[in-house]
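Examining the three-dimensional arrangement
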Amino acid sequence: MTPDENRSARDAARLAGALAIVAAVAFLVSFFPIEDSDDDWWHLKAGKLLWDGELGWYSNDPFTFSARDKLWVNHEWLAQWLFYGCYALGGLAAANLFKALVVAATFLVVYSSGFRVTFAEESRRDRAVAALLATLLAIPTAQFTLYLRPPVWSFLFLAVYHALLLNKPKPDGKRIALLAMLMVLWANLHGGAILGCVLLVFMAVGNGWSRWIPAAGVVLGASLLNPYGWHLHALTFEVMSHPWVTSRISELEPPRLDLVWTVPLLLLPAAVGVVRHGGWGERLMSLFLLWQGLSHVRHLPLLAIWAAPYAAVVLVNCVRELSRGTLAASALAGFGLMVFLCLPEWFPLGLLEPKTLWAMLGIGTLATLALLVVGTRLSVSLFLWASVIAIAFVIAVPGQRPVRFVNAAMGQTWVGRNFPDRLADFILEHKLTSPILLSREGGAGMLIWKLSPETMRVFTCSRFDLQGGIPIKELDNLLWMREEPWTDPDTGARIAGWRELWTEKYHFDLAILPKYADPPEAGMPFPLWEYLNGSSSGFVQVAAEAWPGLGPSDRQFTLFVRKGDPLTRLMAKIGSPRWFD
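About the thresholds
- Every chain begins its residue count from 1, and numbering advances along the sequence as written.
- The predicted origin of the model limits local features to residues at a pLDDT of at least 70 and limits the giving and counting of side-chain atom pairs to 80 or more, whereas totals for whole chains, interfaces and linings rest on all residues.
- The basis for the side-chain values is all heavy atoms of the structure; hydrogens and waters are excluded.
- Buried residues are those whose accessible area, probed at 1.4 Å on protein chains only, stays under 20% of the maximum for their type, while exposed residues exceed 50% and partly exposed ones sit between those limits.
- In DSSP terms, a helix is any run of H or I states spanning at least four residues, a strand is any run of E spanning at least two, and both are numbered starting from the N terminus.
- DSSP calls a pair of strands paired once it identifies at least 2 bridges connecting them.
- Residues count as neighbours in contact if any of their non-hydrogen atoms are within 4.5 Å of one another.
- Between N-to-C directions, angles span 0 to 180 degrees; the directions come from axes that are lines fitted to C-alpha atoms, helices contributing only their stretch in contact.
- Surface patches are defined over residues having more than 30% relative accessible area and no salt bridge, joining like charges when they lie within 9 Å and nonpolar side chains (Val, Leu, Ile, Met, Phe, Trp, Tyr) when within 5 Å.
- Only the protein chains shown count as cover for residues, and all accessible areas are computed by the Shrake-Rupley method using a 1.4 Å probe.
- Within this document, salt bridges are pairs made up of a side-chain nitrogen of Lys or Arg and a carboxyl oxygen of Asp or Glu, the two lying within 4 Å of each other.
- What makes a nonpolar core is a set of buried Ala, Val, Leu, Ile, Met, Phe, Trp, Tyr and Cys residues whose side-chain atoms join them at distances within 4.5 Å.
- Here a Phe, Tyr or Trp ring, Trp counted by its six-membered ring, pairs with any other such ring whose centre lies within 6.5 Å, and the pair is stacked when the planes are under 30 degrees apart, edge-to-face when over 60, and tilted otherwise.
- Any helix carries an expected span of 1.5 Å times its number of residues minus one.
- Bend at a given residue is defined as the angle between two axes, one fitted to the seven residues that end at that position and one fitted to the seven that begin there.

Here we look at the pairing of strand 6 (residues 539–546)
Among the eight residues that make up strand 6, six are buried, leaving the element largely enclosed by the rest of the structure. Note that strand 6 and strand 7 (residues 556–562) share seven bridges and pair antiparallel. For valine 540, the partnering residue across the bridge sits in strand 7 and is valine 561.

Here we look at the sheet that holds strand 7
With mixed pairing, six strands are arranged side by side in an open sheet as 2-1-5-7-6-8. Each of the sheet's edge strands pairs with one partner strand only, and the pair in question is strand 2 (457–458) and strand 8 (578–580). Strands strand 6, strand 7 and strand 8 of the sheet are contacted by helix 24 (residues 565–574), whose axis makes an angle of about 50° with strand 6.

Quick word on a nonpolar patch on the surface
Side chains of Val201, Val205, Trp209 and Ile213 sit close together on the surface and give an oily, nonpolar patch of about 360 Å² of accessible area. As for its placement among the helices and strands, isoleucine 213 is situated in helix 8 (residues 209–223). Under the relative-accessibility criterion, isoleucine 213 is labelled partly exposed at 41%.

Structural notes on the nonpolar core
If you look at the biggest cluster of nonpolar residues, it comprises 159 residues, and the most contacted ones within it are Phe107 and Leu559. At 16 residues, helix 3 (residues 77–117) tops the list of elements feeding residues into this core. Among all residues touching leucine 559, those that are not within four sequence positions of it are Leu423, Phe426, Ile427, Leu432, Ala511, Ile512, Val540, Gln541, Val542 and Ala543. Among the nonpolar cores identified, the runner-up in size contains 23 residues, and Ala496, Trp498, Tyr506 and Leu513 belong to it.

Thoughts on unusual backbone geometry
Proline 453 follows serine 452 through a cis peptide bond whose omega is 0°. When you line up the elements, proline 453 lands in the loop between helix 19 (444–451) and strand 2. Even without glycine at this site, lysine 431 takes up a positive phi of about 55°. Considering the arrangement of structural elements, one finds lysine 431 in the loop between helix 18 (421–429) and strand 1 (436–439). On the basis of relative accessibility, which here comes to 69%, the residue lysine 431 falls in the exposed class. The backbone of methionine 481 sits at a positive phi, close to 50°, despite the residue not being glycine. Positionally, methionine 481 belongs in the loop between helix 21 (470–479) and strand 3 (486–487).

Quick look at the pattern of salt bridges
Counted under the stated rule, the structure contains 16 salt bridges. The shortest N-O distance in the salt bridge between glutamate 251 and arginine 298 comes to 3.1 Å. Of the two residues, glutamate 251 sits in the loop between helix 10 (243–248) and helix 11 (262–277) while arginine 298 sits in the loop between helix 12 (280–295) and helix 13 (300–315), which places them 47 residues apart along the sequence. Given a relative accessible area of 12%, glutamate 251 falls into the buried group.

A short note on the packing of aromatic side chains
Going through the model one piece at a time under the given rule, you end up with 36 aromatic pairs. Measuring from ring centre to ring centre gives 5.2 Å for tryptophan 51 and tryptophan 81, while their planes differ by 20°; the resulting arrangement is stacked. With tryptophan 51 in helix 2 (residues 39–51) and tryptophan 81 in helix 3, this pair connects stretches of sequence that are 30 residues apart. With a relative accessible area of 40%, tryptophan 51 lands in the partly exposed category. Accessibility expressed as a relative area gives 34% for tryptophan 81, which makes it partly exposed. Consider the rings of tryptophan 498 and tyrosine 531, whose centres lie 5.4 Å apart with planes at 70°: the pair is edge-to-face. Of this pair, tryptophan 498 sits in helix 22 (residues 498–505) while tyrosine 531 sits in helix 23 (residues 527–532); the two residues are 33 residues apart in sequence, bridging distant segments of the chain. The exposure class of tryptophan 498 is buried, given its relative accessible area of 2%. Looking at tyrosine 531, the relative accessible area reads 24%, which means it is partly exposed. Members of the aromatic cluster, each reached through a chain of ring pairs, are Trp41, Trp51, Trp81, Tyr84, Tyr87, Trp414, Phe419 and Trp449.

Here we look at helix 13
The terminal C-alpha atoms of helix 13, which comprises 16 residues, lie 21 Å apart, in line with the 22 Å expected from a rise of 1.5 Å per residue. Most pronounced at alanine 308, the bend in helix 13 amounts to some 35°, and the proline proline 309 follows within four residues.

Structural notes on the side chain of threonine 368
Tracing the backbone through its elements, the reader meets threonine 368 in helix 15 (residues 354–373). Among the residues examined, threonine 368 registers a relative accessible area of 0% and is labelled buried. Those residues within four positions of threonine 368 in sequence are excluded, and the remaining contacts are Pro264, Leu265, Leu268, Pro269 and Phe383.

The values are spatial; any link to function lies outside them.
Pasting the structure below:
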C-alpha cells in the first residue's frame, strides 16, 4: 500500500472506532427498563388504540375521567403508533431497543456534525478525537429524559436539522425541500417540531432575511401538515404558559448542575465555538436553548445536542497535544472508574456530600477555563481527565446507567416498584368495575395501560397538556381533606372543598392511593387514606402493594372498595385482604 493508502486506511479505522464508541455509549445510557416514568405506559396504550383503530385523530381523551370531554390534540400520534408497533412485534424489550437505537442514531449525527464542522486543515485524527470528546460529553448531559416517549424523535430531528444547516450561508432548493420533508415527519412524531421552525426563524433573523425567509416559510408551512394544523404549535405555548403546570412537573424544573458535572466542560467550549465560528442565527438559537436547557431538565438534551459540534470546533485545536497513549489510558481509566462507581460496597458515600459535588463541578469548570485561556499541554491534559471523571460519574451515579443497562440486557423490561401493577391485576382478576378509579397521577400510566379504557377510567394522570391543572388541584383537596373551597389563581376557577367533591361532584367506588405523601410532605399519611381505612368511611381495604425503597417501611399502594354487593362477593371469595410484596 502507498503512504496515502495507509493514511486513508488509518483514518477509516479511526472513524469507525469513534462511531462505534459513540454508538456504544449512547446505547448504554438509553437502553434501560421502564422505571420512573409513567408516561411510557399511556403512550404505548395510545399506540395500541391507534393500531386497533379505536382512537382517531380528533378523539376525546379515552383514559381519564377528568378530561373525558376534551378534544385531544395528540401531537405524538405517529411516535405512539411506531412504539406500539415495536411492542406488537417483540414486546416491551423491542420497544425499549427501538428507542435506544433512535438515541444512538441521534448522537451518531451529532458526532458527524462535530467532525464535519471542524477545520479541514486540521488532521483527521484531531478532528475525530475532538468530535468524539464533545459527543461523549453531550451524551451523559442528555441522558436524564431518554425515556420510551416521543421527545426522543425531537432529539434526533434537531440533530439532523443542525447537521443540514451547519456552515450554510444560504440553503439551496434541494436542502429546503429536504428540510420540509423532514418537518412533515417531525410534526407528526412530536410537538417539539416547533424547534425546527424556531431554528429557521432565528437563521432568518440573524443571517439575513433575503437568504433564509424562503426556507423558514417552507418549513413552517410543512409543519402544518399534521392532523391538527396550527393547534400543534399553539399547544406548546399553552402548556408552557401555566406556571403551576411547569412547577408541578419535575422534568420542567432546572437540572441539578452539581450532579451533571459535564455541563461546564461541554458548554464553555461550545460558547466560544459558536461566538467565533457561528453566525448570528446560530448564536440566537444557542441562547434560546441555553435558556431552555438550564431552566428545564426535559430540554437539557436539546442543549447538549446543539452544543456538541461547536465544542468540537474549539477542542480540535487542543487535542493535538494529546498522545495516543494518553487517550488510551484515559479511556481505560474512565471505564474503570465507571465500574468502580457502580459497586455499592466500594462507592465512597462522602462523594455525594453537597460540598464535594459542588467542588468537583468547580474543578471541572476551572479546568475548562484553563483550557480556553491558557491552552498549554498541561491544561489540555487537565481538561481531558476532568472530562473522563465527569462522564464516568454522571453516567454511573446520578444516571445509574450501567446497572440499568445490564438489567435490560438480561431481559428486564420494567421495574414494578413505582407502579401499582399487582393491584391492577387484582381488579382484572376479580372483575371489579367502576366508572372512575380514584388515583393520583403517579402510577396512573400503568393503570391506564392495564385498565383504560376497556375496564374503567382513571380519575386523572400526568397529562397536563390535556386536562390542565384543575383536576390535580381537586385531587389535592381530596387527599388532604381540605374543607374550604378556594379560587384557583391561575384560571379563576372555583376549587370545591373535599366533601363537596366527594359527595356531590364525583362518586368513587374504587380507589388506589399511596399511604404517604411525596416531598415536601414526605412521610406524612394522606388524611384521605386514613379516612378510607377507617370503619366509618363506607370503604374497605381489600388489597395493598408494597412500594419498596421509597419512604417509610410500610409505604404502600392500597386498593379500597366501597361497601355493597360487589364488596361482599369479593370478600367471600378472597376471605381476607391481600398483600402483594
